Amino acid sequence: EFLQLAKETMKYGAALVVMAIGEQGRAVTAKDKVALLQRSYRLLRQKLDFPAEDIILDCHLQTLRHDEHPMEVISALGDLKRLCPRAQLTVGLSNLSAAFGRLAKLREA
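Everything numeric here is computed off the predicted structure, so don't read it as measured data. (Residues numbered from 1 in each chain as written. Predicted model: local features only at pLDDT ≥ 70, side-chain atom pairs only at ≥ 80, totals over all residues. Heavy atoms only, no water.)

J.: Help me understand the overall build of the protein, please; the structure alone is not making it clear to me.
T.: Counting its secondary structure elements, the protein contains five helices and five strands. Ordered by position from N to C terminus, the α and β elements of the protein give α-β-β-β-α-β-α-β-α-α. Counting all 109 residues of the protein, 33% fall into the buried class. Within the protein, contacts between residues at least 6 apart in sequence are counted, and of these 70% link residues at least 24 apart. For the protein, the accessible surface area stands at approximately 6,900 Å², while carbon and sulfur atoms represent 55% of it. (Helix = DSSP H or I, 4+ residues; strand = E, 2+ residues; numbered from the N terminus. Buried < 20%, exposed > 50% of the residue type's maximum accessible area, 1.4 Å probe, protein only. Contact = heavy atoms within 4.5 Å. Areas by Shrake-Rupley, 256 points an atom, 1.4 Å probe, with all protein chains shown as cover.)

J.: What should I look at first to understand the nonpolar core in this one?
T.: The tendency in soluble globular proteins is for nonpolar side chains to be buried side by side. If you look at the biggest cluster of nonpolar residues, it comprises 24 residues, and the most contacted ones within it are Val18, Leu37, Leu44, Ile55, Leu57 and Leu80. Those elements that provide at least two residues to this core are strand E1 (16-19), helix H2 (30-48), strand E4 (55-58) and helix H3 (70-83). The greatest single-element share of this core, amounting to seven residues, is contributed by H2. With sequence-adjacent residues up to four places away left out, Leu80 is seen in contact with Val34, Leu37, Gln38, Leu57, Cys59 and Leu89. (Core = buried A, V, L, I, M, F, W, Y, C linked by side-chain atoms within 4.5 Å.)

J.: I keep staring at the state of the cysteines and nothing clicks. Help me out?
T.: Disulfides are covalent bonds that link the sulfur atoms of two cysteine residues. Across all of its chains, the model carries zero disulfides by this definition. Of all cysteine sulfurs, the one in Cys84 lies closest to Cys59, which takes part in no disulfide; the gap is 9.6 Å. The exposure class assigned to Cys84 is buried, which follows from its relative accessible area of 1%. (Disulfide = S-S within 2.5 Å.)

J.: Just checking my understanding: could you explain the packing of helix H1 (residues 2-11) against H2 for this structure?
T.: The packing of two helices is summarised by the inter-axis angle and the distance between the axes. At their nearest, the axes of H1 and H2 sit 11 Å apart, and the two run at 60 degrees to each other. Considered as vectors, H1 and H2 are oriented oblique to each other. The hand of the H1/H2 crossing is right-handed. Residues Phe2, Leu3, Ala6, Lys7 and Met10 of H1 lie in contact with H2, whose contacting residues are Ser40, Leu43, Leu44, Lys47 and Leu48. In the contact of H1 with H2, the residues fall into seven nonpolar, one polar and two charged. (Axes fitted to C-alpha atoms, helices over the stretch in contact; angles between N-to-C directions. Parallel < 35°, antiparallel > 145°, perpendicular 65-115°, else oblique. Left-handed = near helix turned anticlockwise from the far one by under 90°. Nonpolar A, V, L, I, M, F, W, Y, C, P; charged D, E, K, R; others polar.)

J.: What am I meant to see in the pattern of salt bridges here?
T.: When the charged atoms of two side chains with opposite charge come close together, those side chains can pair. Summed over all chains, the structure comprises five salt bridges. Residue Asp49 is joined to Arg45 by a salt bridge in which the shortest nitrogen-to-oxygen separation is 3.6 Å. Judged by relative accessible area, which is 25%, Arg45 ranks as partly exposed. Residue Glu53 pairs with Arg86 through a salt bridge whose shortest N-O separation is 3.5 Å. With a gap of 33 residues between them, Glu53 in the loop between H2 and E4 and Arg86 in the loop between H3 and strand E5 (88-90) connect regions that are remote in the sequence. On the basis of relative accessibility, which here comes to 41%, the residue Glu53 falls in the partly exposed class. Among the residues examined, Arg86 registers a relative accessible area of 53% and is labelled exposed. (Salt bridge = Lys/Arg side-chain N within 4 Å of Asp/Glu carboxyl O.)

Okay, here's the thing in structure tokens:
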């Protein structure tokens, strides 16, 4: 279904946003985010020749989750930049700043 939707997207010349949510739910660790998004990137590039610059990878940080550290997202962004050439990267800036807001030591600094 993923590749079929991507194929339809290509017909219109539109970009595709791929979130770090897979069959097992949302990825929380940097390792899981990178693995899931890199897999999607490779499928799009190898199976459909989807233009890399039209792939937007979203590391998906939720502000209200207690089990996700914002540094996991920052780490994932760096890895994805290196592993998925020409793909665009995104994460909600307000979500990232809110997640850092939970860190008392950072607020005190």
